[in-house]
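# Descriptive analysis of the structure
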Amino acid sequence: MTTTDSTPDLAGRVLTRPARLRPLPNSSRAARSRRKWYEIIGLTSPALIIYTVFVLLPMGFALFYSLFKWKGAGWPAPSDFNGVANYFKRGIPPGVIFDSGFQHALLNNAIILFGSLIIQGPIALAVSLLLNRRFRGRAVFRLLAFVPYILAEVTVGIMWGIILGNGGVADSVMKSAGLAGLIQPWLANSKVAIWTVLGILTWKYVGFAIILFLAGLANVPDELSEAAAIDGASWWQIQRHVTIPLLGPTIRIWMFLSIIGSLQVFDVVYVTVPRGLRQAGGGTTMATYMVDNGFFPQLWGYGSAIAVTLFVIAFAAALIFQRFFLRRDLEGALTTGRT
Amino acid sequence: MARSRRARVVLALLATPTLLFTTTACLSSKPEATGPTCDTSTPTDLYKNPVTLTWWHNYNVPAADPVNKPGGLEYWQKVADDFHALHPTVTIQITAVESNELQRTKIPAALKSNDPPDLFQAWGGGEIADQASAGYVKDITAQTKDEVANIGASSSIWAVNGCQYGLPFRMGIEGIFYNKALFAQAGISAPPKTMDELNADVTKLKGINVVPITVAAGDGWPAAHWWYQFAIHDCPATVLAAAAKDKNFDDACFVKAGDDLKAFVGTQPFQPDFLGSKFGSGANPSGALIVQKKAAMELMGDWDEGTINGLSADGKGIGADLGWFPVPALGSGGDPTVQLGGGDGFACSKNAPPECVEFLKYIVSPDVQTGYAKLGVGIPVSKGAGPAITDPVIQSIAQATNNATSVQLWLDTQYGSAIGDAMNAAIVKIFDGSGSSQDVVTAIKTAAAR
């Protein structure tokens with residue numbers, strides 16, 4: 001294993017910084033500035049156009065539609081204007097905030113969010129610390145840990161749907177192992193479904209956390225643990241006081257990705273949990289609730305309001321996490337454009 | 001400073017499209033609702049110019065033995081080929097899609113686009129009323145007078161304010177498909193006619209370790225149909241008519257339907273994991289229990305025999321053991337000859353060429369309907385095609401459909417997808433044990449106001 005050192009990077013950056021030139025005449029400076037702007041416009045416009053047409057524009061549409069009581073025929077008419085009732089109305093019909101179905105979906109998202117952090121984090125940390133040690137067949141184990149993450153969500157959903165069906169593989173295995181008493185209607189009960197979904201998501205995404213942590217561990221210099229060992233620290237003490245603190249930035253980035261992913265989770269739930277069970281509240285997340293209660297009934301106005309609410313929640317979570325947890329890690333990582 | 005400048009740029013970017021759309025929206029207005037006057041013009045230049053018709057239908061599963069026993073998919077292809085042979089200027093391109101996907105996703109999305117299919121599956125009721133008021137479907141009143149007369153009253157399900165927007169090719173009531181051998185084994189001599197008899201039979205079937213009734217509650221609507229059945233027997237016809245017309249669900253009978261369903265679910269007549277079971281697909285399709293002889297009954301429309309057979313390896317299901325009886329007088333009884341049913345039809349999109357309507361007329365013509373009847377996949381609507389039915393189960397459904405004094409359209413189709421979806425979801429919660437009878441009515445009212 002090679003040790004990596006950050007100093008050459010820093011040194012390189014210092015060396016490649018252009019030497020300051022003496023002040024240019026005004027006309028030449030203006031021409032340079034014009035050229036710079038042409039370059040900026042020329043190089044960024046394709047990306048900007050695509051971003052506008054496929055991201056900002058649809059977001060604007062959703063925000064606009066969400067202000068109407070509109071079933072998708074033609075354009076919303078001024079008489080369909082509903083203000084913010086799709087968001088904030090109490091009574092019948094309730095806005096998104098007071099819709100008990102949406103609140104239930106939000107609770108399920110919270111279960112997935114905290115469940116993912118609490119279960120995946122320690123497992124991934126333990127496994128990656130283990131896989132970071134040298135032993136025969138390490139590459140194979142690393143690969144195996146990562147395989148579930150490579151599978152498409154829909155494939156994972158269908159596969160687990162078959163395994164966890166009534167009388168499926170899971171039930172047979174549990175029976176043979178003498179655990180028949182623990183068999184549950186995994187994907188057929190509104191109270192059990194969310195925990196089944198959490199289990200499937202954990203199985204799929206723990207590999208991603210492991211790979212991230214392993215990449216982070218590769219950047220922890222061996223010298224530090226060697227020095228700690230010479231000072232008499234045990235393996236556990238080295239992990240606790242040297243390795244894990246240095247893994248902090250990686251853990252925080254993983255938490256960030258996990259939080260955003262948990263808030264938006266859709267495909268695994270959509271495929272594994274049948275629609276009737278979702279309608280009964282089992283395993284529903286905000287994203288599936290949006291499709292089930294906006295898209296299928298063709299309530300485009302209300303569906304857009306759910307979409308916007310989901311966006312605001314995910315956006316707020318991202319901002320808060322960045323502000324309080326990622327700030328230190330991101331310092332210096334973002335270029336300001338000033339030299 | 002840099003940060004706040006960036007924030008302003010982002011805000012401006014966000015605001016521009018919003019403003020833009022607000023302006024466009026104010027300029028454009030909704031298409032006008034269809035008035036009481038229907039289209040009376042008849043096309044003059046039929047078959048003069050070559051046209052290509054796109055046709056979307058839901059017979060997407062190929063038959064196990066397409067040569068000797070063709071199914072709907074093969075038959076519709078033959079119908080399209082025959083029409084092309086009769087009128088060489090018309091070419092027909094078929095797209096066959098799974099029913100739920102077609103109805104809930106593909107057709108609504110296509111109708112909103114500039115390029116909808118010319119001829120597409122239409123289930124009638126509130127759905128076609130919504131499509132008509134949005135200006136998506138063609139008024140075919142003038143061109144189809146003779147066909148409407150031949151089909152009779154059921155064609156009115158595809159009419160809005162007296163104007164015709166589509167025609168059915170299949171129409172039937174739902175009933176209970178059952179395994180005759182299991183009934184005999186449980187000591188049941190005749191199919192139940194009353195709620196008490198049904199309850200007694202459920203007990204007897206449990207006695208021989210058989211799931212009395214299988215239900216695909218995982219899809220929602222098959223479970224909801226049990227509530228519909230209680231509702232049409234608990235509610236007087238006038239109340240049901242008022243509900244369909246004015247979305248008035250204040251009558252106490254709608255809550256009673258939920259109470260009756262709750263009591264029935266409480267007797268545990270269904271398979272234990274019904275919420276994980278889908279209709280005709282997935283890991284645990286409801287019909288698989290019928291094929292495996294683990295369940296005795298299923299409440300379903302006349303297409304269920306085809307679905308059950310399709311779930312067995314040899315395509316024959318349980319063969320001659322499969323029987324059918326009309327739904328007993330559930331709940332407070334009511335009129336036993338009031339039945340719940342529905343049909344499949346087709347409609348032409350607004351700007352489809354007039355040949356589309358001619359092809360639709362061809363589909364419901366007696367000859368094509370007779371060929372359809374022979375398939376054994378559904379009950380034809382055209383008078384004169386009935387005798388061609390050879391399948392005994394379909395025969396008994398056709399007979400019961402004829403004997404029904406009135407047929408109430410599937411309630412979710414009747415009320416349109418917004419109310420229908422919310423109603424079905426609330427009913428599934430009764431099955432799940434997490435919802436109340438009142439919740440169903442509240443959900444309906446909420447969706448109606450949405």
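Residues numbered from 1 in each chain as written. Chains lettered and ligands numbered in written order. Predicted model: local features only at pLDDT ≥ 70, side-chain atom pairs only at ≥ 80, totals over all residues.

A count of helical and extended segments in chain B gives 18 helices and 12 strands. Rg of the C-alpha trace for chain B: 24 Å, near the compact-globule value of 22 Å for 450 residues, within the 12% margin. Each principal axis of the C-alpha atoms in chain B carries an extent, and together these give about 70 × 70 × 45 Å. For chain B, buried positions account for 51% of its 450 residues. Expressed as a percentage of contacts within chain B between residues at least 6 apart in sequence, the contacts between residues at least 24 apart total 72%. (Helix = DSSP H or I, 4+ residues; strand = E, 2+ residues; numbered from the N terminus. Rg over C-alpha atoms; globule rule 2.2 N^0.38 Å. Buried ≥ 20, exposed ≤ 12 C-beta atoms within 10 Å, placed from the backbone. Contact = placed C-beta atoms within 7 Å.)

Our focus in this paragraph is the overall build of chain A. Helix and strand content of chain A: 15 helices and 0 strands. Looking at the 339 residues of chain A, the share that counts as buried comes to 31%. Summarising the internal contacts of chain A: among those between residues at least 6 apart in sequence, 66% fall at separations of at least 24.

This next bit is on the sheet that holds strand β8 (residues 211-213) of chain B. Residues and elements named next belong to chain B. Across the sheet, 4 strands lie side by side as β8-β9-β7-β10; this open sheet has mixed pairing. Unpaired on one side and paired on the other, β8 and β10 (322-326) mark the two borders of the sheet. Taking the axes of each pair of neighbouring strands and ignoring which way they run, one obtains an average angle of 20 degrees across the sheet. In this structure, strand β7 (residues 175-179) lies alongside β10, joined through 5 bridges in antiparallel fashion. Across the sheet, the residue bridging to F177 is W324, located in β10. Across the sheet, helix α15 (residues 392-403) lies against β7 and β10, angled at about 5 degrees from β10, the strand it touches most. (Pairing = 2+ DSSP bridges. Axes fitted to C-alpha atoms, helices over the stretch in contact; angles between N-to-C directions.)

All right, on to the pairing of strand β3 (residues 119-122) of chain B then. Residue and element names in this part refer to chain B. Note that strand β1 (residues 51-57) and β3 share 2 bridges and pair parallel. By the bridge assignment for β3, W55 is matched with L119. Sheet topology places β3 next to strand β11 (residues 338-348); 4 bridges connect them, and they run antiparallel. Paired with A122 across the strands is G345, a residue of β11.

Across the boundary between the two partners, chain A contributes 40 residues, which contact 46 residues of chain B. Broken down by element, the side of chain A that touches chain B gets its largest block of residues, 6 residues, from helix α2 (residues 26-65) of chain A. Each residue belonging to the side of chain A that touches chain B can be placed in one class, and the counts come to 23 nonpolar, 15 polar and 2 charged. (Nonpolar A, V, L, I, M, F, W, Y, C, P; charged D, E, K, R; others polar.)

What follows concerns the confidence of the model for chain B. All names here are of chain B. Per-residue confidence for chain B gives a mean pLDDT of 87, with 92% of residues at or over 70. A low-confidence stretch, residues 1-35 (pLDDT under 50), is modelled with 30 contacts involving residues beyond four sequence positions or located in other chains. Both scores are available for the predicted complex, with the pTM at 0.84 and the ipTM at 0.81. (pLDDT = per-residue confidence, 0-100.)

Attention shifts here to the nonpolar core. Counting 182 residues, the largest nonpolar core has V197 of chain A together with L119, W227, L360 and M423 of chain B as the members making the most contacts within it. Tallying contributions element by element places helix α8 (residues 193-218) of chain A first for this core, with 12 residues. With residues up to four places along the chain from it excluded, the contact list for M423 of chain B reads A224, L411, D412, Y415, V440, A443 and I444 of chain B. (Core = buried A, V, L, I, M, F, W, Y, C linked by C-beta atoms within 7 Å.)

Moving on to the environment of N403 of chain B. Residues and elements named next belong to chain B. Inspection of the secondary structure assignment puts N403 in helix α15. Since 11 C-beta atoms lie within 10 Å of it, N403 is described here as exposed. Separated by 65 residues in sequence, N403 and V338 place their C-alpha atoms 9.5 Å apart.

This part covers the packing of helix α2 (residues 72-86) of chain B against helix α14 (residues 366-375) of chain B. Residue and element names in this part refer to chain B. At their nearest, the axes of α2 and α14 sit 10 Å apart, and the two run at 165 degrees to each other. As the angle between them shows, α2 and α14 are arranged roughly antiparallel. Judged by the sense of rotation from one axis to the other, the crossing of α2 with α14 is right-handed. Residue-level contacts link G72, Y75 and V79 of α2 to V368, G371, Y372 and L375 of α14. Looking at the contact of α2 with α14 residue by residue, the classes come out as 5 nonpolar, 2 polar and no charged. (Parallel < 35°, antiparallel > 145°, perpendicular 65-115°, else oblique. Left-handed = near helix turned anticlockwise from the far one by under 90°.)

Moving on, we get to helix α5 (residues 138-150) of chain A. Between its terminal C-alpha atoms α5 of chain A stretches 19 Å, which fits the 18 Å expected from 13 residues at 1.5 Å a residue. The axis of α5 of chain A is deflected most strongly, by about 25 degrees, at L144 of chain A, and proline P148 of chain A appears within four residues downstream. (Expected span 1.5 Å × (residues − 1). Bend = angle between axes of the 7 residues up to and from the residue.)

Of note, the amide linkage connecting I92 of chain A to P93 of chain A takes the cis form, showing an omega dihedral of -10 degrees. For P93 of chain A, the location among the structural elements is in the loop between α3 (85-88) and α4 (100-131). Even without glycine at this site, N161 of chain B takes up a positive phi of about 50 degrees. Counting through the fold element by element, N161 of chain B comes out in the loop between β4 (159-160) and β5 (163-164). In this structure N161 of chain B comes out as partly exposed when scored by C-beta crowding, with 14 C-beta atoms within 10 Å.

This next bit is on the pairing of β1 of chain B. Residue and element names in this part refer to chain B. As defined by bridge partners, β1 adjoins strand β2 (residues 90-96) across 7 bridges and the pair is classed as parallel. Residue pairing in the sheet places T52 in a bridge with T91 of β2. Between the parallel elements β1 and β2, the chain passes through α2 in a crossover that is right-handed. (Right-handed = clockwise from strand over helix to strand, strands pointing away.)

It is worth spelling out the confidence of the model for chain A at this point. Within chain A, residue pLDDT values average 87, and 89% of them lie at 70 or more. Low pLDDT, under 50, characterises residues 1-17 of chain A; the predicted model gives this stretch 4 contacts beyond four residues in sequence or across chains.

Let us now look at the environment of W158 of chain B. Residues and elements named next belong to chain B. Note that W158 resides in the loop between α5 (145-151) and β4. Residue classification places W158 among the buried residues on the basis of 28 C-beta atoms within 10 Å. In this structure the C-alpha to C-alpha distance between W158 and F346, which are 188 residues apart in sequence, comes to 8.9 Å.

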